[in-house]
Amino acid sequence: MIRSSCGVIDLFRFLNNACMISNTKEDKSGSGGADGISDRGRLCTVDQVEQLKSAIRVMPIWSSTIFLAQAMNQYFAVPQADAMDRRVGAGGFRVPSGTFAVFNMLTMSLWSGCYDRWTAPALRRLTGNPRGLTMKQRIGGGLVFGTAAMAAAAVVEAARRRQALGGGGMSAFWLVPQYALAGLAEAFGVIGVIEFFYTELPKSMASFSMALLYMALGAGSLVGSLIIKLVHEVSGRGGRTSWLAEDLTAGRYAYYYWHLAGLGAGNFGYFLWCGWAYG
């Protein structure tokens, strides 16, 4: 193994062969032979090889950020709101179910706006880091808040179901904590991911950095759909009522959210390992 200019052990130095001409070929073809010219024409530049190495190095951390999409999507929050009391004020105005997502965006916007102005200086005094938190710490914070959002959703759904079975109702504004936590997950995780990719990848790969983010979110949506399908089929075997039954009260959506929270905790452990391995 050798160390690159940034001090990281180069595990991919075998890729250097893509920009090197072997002595054997040079000897056989001569300094100006046709074979030597053809061989040089197939070579990659040093920049291309280093770009590939950088992309490979960040992929483990990239894979750990796929879970962020689970917290951001909130697949069943709107049906939950439909089944809860959405009335506000004496006039009986009902808040539309889909508008509760504004608490996600509001939390993300407020936190992002306050971070550089007030939060980062306070954290700077504690951590000694000019940014307040390192990029990996911000990504890890996003994963923690995402897991907490799933746990909060499980607690609220379990309480809603108990109230519904007892003939009572529950205010839909109990959904605000899970939306707020999802907003913090986005504010920490997504912004941290963007900064991490922009810093760790060469400037010539700026477009690729953004593509990695959207690839992670897209992959997270696909994984989320797969999890829903698996949970629905497995929990509904043998004639049992599926956890994700169309009737929320008949189903066990809290179990589904606890399942996601467990996956989030495992994913956070995987992220810690990836961060340690990255250096």
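The paragraphs below set out a description of the structure included in this document. Owing to the predicted nature of the structure, the values given are computational and were not obtained by experimental measurement.

1. Brief notes about the nonpolar core
Ranked by size, the top nonpolar core spans 45 residues in total, and within it Met 150, Phe 196, Phe 197 and Tyr 256 carry the most contacts. Broken down by secondary-structure element, the contributors of at least two residues to this core are helix 3 (46-64), helix 4 (68-73), helix 7 (135-165), helix 8 (176-200), helix 9 (206-235) and helix 10 (253-278). Sequence-distant contacts of Phe 196, that is, excluding residues within four places in its chain, are made with Val 58, Ile 61, Met 135, Lys 136, Ile 139 and Tyr 278.

2. Considerations on helix 10
Between its first and last C-alpha atoms helix 10 spans 37 Å; for 26 residues at 1.5 Å apiece the expected length is 38 Å, and the two agree. Where helix 10 is concerned, the buried positions are Tyr 253, Ala 254, Tyr 256, Tyr 257, Leu 260, Ala 261, Gly 264, Asn 267, Phe 271, Cys 274, Gly 275 and Tyr 278. Just downstream of helix 10, Gly 279 is the residue with a positive phi angle, here 95°.

3. A word on the pattern of salt bridges
The final tally for this structure, using the stated rule, is five salt bridges. Across the salt bridge formed by Asp 85 and Arg 87, the nearest N and O atoms sit 3.0 Å from each other. Asp 85 sits in the partly exposed class, given a relative accessible area of 26%. Across the pair Arg 138 and Glu 195 runs a salt bridge, and its minimum N-O distance is 3.7 Å. One end of the pair, Arg 138, is in helix 7; the other, Glu 195, is in helix 8, and 57 residues separate them in sequence.

4. Observations concerning the environment of Thr 127
By the secondary structure assignment, Thr 127 is in helix 6 (residues 102-127). Under the relative-accessibility criterion, Thr 127 is labelled partly exposed at 41%. Polar side-chain contacts of Thr 127 include one of 2.7 Å to the backbone oxygen of Gly 132.

5. Overview of the side chain of Glu 186
Within the element layout of this structure, Glu 186 appears in helix 8. Although Glu 186 is buried, it makes no salt bridge; Arg 138 carries the closest opposite charge, 12 Å away. Beyond its immediate sequence surroundings of up to four residues, Glu 186 is in contact with Met 72, Asn 104, Met 108 and Ile 191.

6. Section: the packing of aromatic side chains
Taken as a whole and judged by the stated rule, the model has 12 aromatic pairs. Taken together, a centroid distance of 5.2 Å and an interplanar angle of 45° make the contact between Phe 145 and Phe 188 tilted. A residue pair is termed long-range when its members are at least 10 positions apart, and Phe 145 in helix 7 and Phe 188 in helix 8 qualify at 43 residues. Under the relative-accessibility criterion, Phe 145 is labelled partly exposed at 24%. Each member of the aromatic cluster is reached from another via a ring pair, and the members are Phe 76, Tyr 253, Tyr 256 and Tyr 257. Arg 138 extends its terminal NZ or CZ atom over the ring of Tyr 115, reaching a point 4.1 Å from the ring centre.

Reading the values: the criteria
Residues numbered from 1 in each chain as written. Predicted model: local features only at pLDDT ≥ 70, side-chain atom pairs only at ≥ 80, totals over all residues. Heavy atoms only, no water. Core = buried A, V, L, I, M, F, W, Y, C linked by side-chain atoms within 4.5 Å. Buried < 20%, exposed > 50% of the residue type's maximum accessible area, 1.4 Å probe, protein only. Helix = DSSP H or I, 4+ residues; strand = E, 2+ residues; numbered from the N terminus. Contact = heavy atoms within 4.5 Å. Expected span 1.5 Å × (residues − 1). Salt bridge = Lys/Arg side-chain N within 4 Å of Asp/Glu carboxyl O. Polar contact = N/O pair within 3.5 Å; in protein donor to acceptor, adjacent residues only side chain to side chain. Lys, Arg positive; Asp, Glu negative; His and termini not counted. Phe/Tyr/Trp six-rings, centres within 6.5 Å; stacked < 30°, edge-to-face > 60°. Lys NZ or Arg CZ within 6 Å of the ring centre and 35° of its normal.

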